[in-house]
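A look at the structure
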Amino acid sequence: MSYDYDVCVIGLGPAGMAVSIMAAEMGLRVLGIEKRSLGGECMSVGCIPSKALLRTAHLRHAVSRLADFALAGVNPPEPVRPFEHIAEHLRFIDEKKTRAMFAKVDLKLREGPASFVDSHTVEVAGRRHTAKRVFVCTGTRPAVPPIPGLSSVKYLTNETVFGLDEVPKSLIILGGGAVGCEMAQAFSRLGSHVSVVHMDEHLLPNGDWDAGRFLEDVFAAEGIEVHNNRRISEVSETSGGVVVRTNANETLRGAKLLVAAGRRFDASELHLENAGVEVDEHGICVDGALRTTQRHIYAPGDANGAYLLSHAAMHQGMIALLNSMLPRPFRRNFRRYVVPWAVFTEPQIAHVGWLERDLKANDVEYETIEAKYEDYGAAIAEGNAVGAVRAYVSPTGRIYGTRIIGEGASEMINEWGLAIQNRLRIHKIMMLQHAFPSMSFLSKRVAEGWMMNRMKSPRVQKLIRFLG
Ligand SMILES: Cc1cc2nc3c(=O)[nH]c(=O)nc-3n(C[C@H](O)[C@H](O)[C@H](O)COP(=O)(O)OP(=O)(O)OC[C@H]3O[C@@H](n4cnc5c(N)ncnc54)[C@H](O)[C@@H]3O)c2cc1C
């Protein structure tokens, strides 16, 4: 049977971009369909604008702390209007960078949502296109919890918060995950009075729990209110903003309300049933090769609900495309690759591999080795003496996992990811010369700490005495 295209990609976020650009580079005939904007959630209402907002907030905060660096006399900055600035940057990236990458892709942009007619035919704006392989990369939408009154108030989500005209005087955030925490610090540092309300025992429930508690202390010092373990009984609106009532009999008032309470897969437009593609409560069902219940249809990225991270989505896009062309024995299982996780608050928080609670739950024997920023001259001199690099290591030096709190954590975690993914023992990190005085030098210190502990063993000391 002949098809109009070799590859059809529905949704051009990080996953869809990876598939379509790589497929086009390989010389395949590619149709890319995107109903909103190139780059997906990540580019327009996710990673990029959130990090741009955080950057502005951190800079403003740094300026207000200049006196700490013996630069007294500099006045704290005036309130800022960052959203226009962010929109300008996004326009530039879209027009000058992203579009250029799609030169070889037959692009159906903003023509409307794509839907399946059958397993090889996709319809968009009334036109049908056939393809040999289809990649569903449609991501997720913000989840809105069924809280009494919520549907009748004007609330913000990540899809609307970056379009505000100005920083609100006060902001209530529903959700204490990575997005909720990043937005809490960003808006607080830009001048809002922020309250975070959420159901879990501490912030960052999907991450390292100690790190979540650590962040709570940081937030408390910055004046951000955190209400853990709360159920919201009602949300209502007044002329001054929103009112949130909790099960602890609190009444919180804010000029704006941001819902950052997780994600949901929305299959309503796709008509997956016409293609024989099954979904469950997480998203589209996929096997390790990222194949759906229809063998020529793949679902990389957030749409399958596995990781909900941009780098994972891009990686899965690449793997799904390769798998779609490789014979079975050569196909890759996307779950075999480690996925680093980072929160871009200040200090940053990151982990890769096993969390300590997983090791405990699985009765794994491990040793914790830590190097603190406060013991590192470069970190002290640069005013970054907060946090630690911590690795969980087996008695034979196998690295189970690493957690970093502190300056540069999102960069430093990648070295540990490489080591864990390639099953390198920790002495390999020790034997790598790390540029000094970089923060990643602390990773080498962790590895040295592990080796020093080995040196303390009576057997090793006996051997050293014998040799010496
Ligand atoms: C505020 C915020 C901050 C974040 N920060 C980070 C971060 O720092 N690091 C990180 O790794 N991740 C971050 N994420 C998560 C990240 O944005 C997602 O994991 C990533 O965008 C998922 O990529 P994707 O390609 O799977 O889906 P998406 O980026 O959601 O792209 C899906 C695309 O499909 C399109 N689409 C949907 N249905 C159809 C249809 N029927 N027809 C045509 N097109 C369709 C959509 O318009 C969208 O453009 C953040 C998310 C949020 C909300």
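The numbering scheme is per chain: residues are counted from 1 as the chain's sequence reads. Totals for whole chains, interfaces and linings use every residue, but because this is a predicted model, local features are given only for residues with pLDDT of at least 70 and side-chain atom pairs only at 80 or more, for both listing and counting. Hydrogens and water molecules were not included; the side-chain quantities draw on all heavy atoms of the structure.

Digging into the packing of helix H5 (residues 178-189) against helix H6 (residues 209-222)
Axis definition: a line fitted to C-alpha atoms, over the contacting stretch in the case of helices. Angles run 0 to 180 degrees between N-to-C directions. Helix and strand definitions follow DSSP, with helices as H or I runs of at least four residues and strands as E runs of at least two, each counted in order from the N terminus. In contact at an axis separation of 11 Å, H5 and H6 are set at 20° when each is read in the N-to-C sense. The angle between H5 and H6 falls in the class roughly parallel. Note that H5 runs across H6; the crossing there is left-handed. For the pair H5 and H6, the contacting residues are Cys181, Ala184, Gln185, Ser188 and Arg189 in the first and Leu215, Val218, Phe219 and Glu222 in the second. Looking at the contact of H5 with H6, its residues break down into five nonpolar, two polar and two charged. Angle categories are assigned with fixed cut-offs, so that under 35 degrees is roughly parallel, over 145 is roughly antiparallel, 65 to 115 is roughly perpendicular, and the rest are oblique. Take the far helix as your reference; a near helix turned counterclockwise from it by less than a right angle gives a left-handed crossing, and one turned clockwise gives a right-handed crossing. Contacts are assigned to residue pairs with any non-hydrogen atoms lying within 4.5 Å of each other. Only Asp, Glu, Lys and Arg are considered charged in this grouping, and only Ala, Val, Leu, Ile, Met, Phe, Trp, Tyr, Cys and Pro are considered nonpolar; every other residue, Gly among them, is considered polar.

Let's talk about the side chain of His58
Here His58 lies in helix H3 (residues 47-64). His58 gets classed as buried once you look at its relative accessible area, which sits at 13%. At 3.0 Å, the side chain of His58 and the side chain of Arg189 are in polar contact. Leaving out residues up to four positions away in the same chain, His58 has contacts with Gln185, Arg189, Phe344, Thr345 and Glu346. Only protein chains enter the accessibility calculation, which uses a 1.4 Å probe; a residue whose area is less than 20% of its type maximum is buried, one above 50% is exposed, and one in between is partly exposed. In protein, a polar contact means a hydrogen-donor-capable atom and an acceptor-capable atom, both N or O and within 3.5 Å, with residues adjacent in sequence counting only if both atoms are side-chain atoms; elsewhere, any N or O pair within 3.5 Å suffices.

As for the environment of Pro82
Structurally, Pro82 can be placed in helix H4 (residues 82-101). Each C-alpha atom of the pair Pro82 and Leu164 lies 9.3 Å from the other, and the pair is 82 residues apart in sequence. Excluding anything up to four places from it in sequence, Pro82 contacts Leu53, Thr56, Val167 and Leu190.

Structural notes on the site of the ligand
Taken together, 37 residues sit near the ligand, with Glu34, Lys51, Ala114, Asp302 and Ser310 positioned nearest. Measuring from a nitrogen atom of the ligand, one finds a backbone N or O atom of Ala114 at 2.9 Å. The contact in question runs from an oxygen atom of the ligand to an N or O atom on the side chain of His311, over 3.2 Å. Values of accessible area rely on a 1.4 Å probe in the Shrake-Rupley scheme; residue burial ignores everything except the protein chains shown. Expressed as a share of its isolated accessible area of 1,000 Å², the protein-covered part of the ligand is 93%. Breaking the shell around the ligand down by element, the ones donating at least two residues are helix H1 (14-25), strand E2 (30-34), helix H2 (40-45), H3 and helix H7 (310-325). The element best represented in the shell around the ligand is H2, accounting for four residues. Looking at the shell around the ligand, its residues break down into 16 nonpolar, 13 polar and eight charged. Here a residue is considered near a molecule or strand provided that any single heavy atom belonging to it is located within 4 Å of it.

Some details on unusual backbone geometry
Residues other than glycine predominantly adopt negative phi, and peptide bonds predominantly adopt the trans conformation. Put simply, Glu346 and Pro347 share a cis peptide bond, and its omega is 0°. Position of Pro347 among the secondary structure elements: in the loop between strand E17 (341-343) and strand E18 (349-353). Backbone geometry places Asn249, a non-glycine residue, at a positive phi of 60°. Along the polypeptide, Asn249 turns up in the loop between strand E12 (241-246) and strand E13 (251-254). The class for Asn249 is exposed, based on a relative accessible area of 75%.

Digging into the nonpolar core
Counting 46 residues, the largest nonpolar core has Val7, Phe116 and Phe135 as its most contacted members. Of all elements in the fold, only strand E1 (5-10), H1, E2, strand E5 (121-124), strand E6 (127-136), strand E16 (297-298) and H7 reach the threshold of two or more residues within this core. Here this core takes six residues from H1, the largest share from any one element. Setting aside its immediate chain neighbours within four residues, Phe116 contacts Ile10, Thr121, Val122, Val134, Val136, Leu270, His271, Leu272, Asn274, Ala275 and Ile297. As used in this record, nonpolar core signifies buried Ala, Val, Leu, Ile, Met, Phe, Trp, Tyr and Cys residues forming a set joined through side-chain atoms within 4.5 Å.

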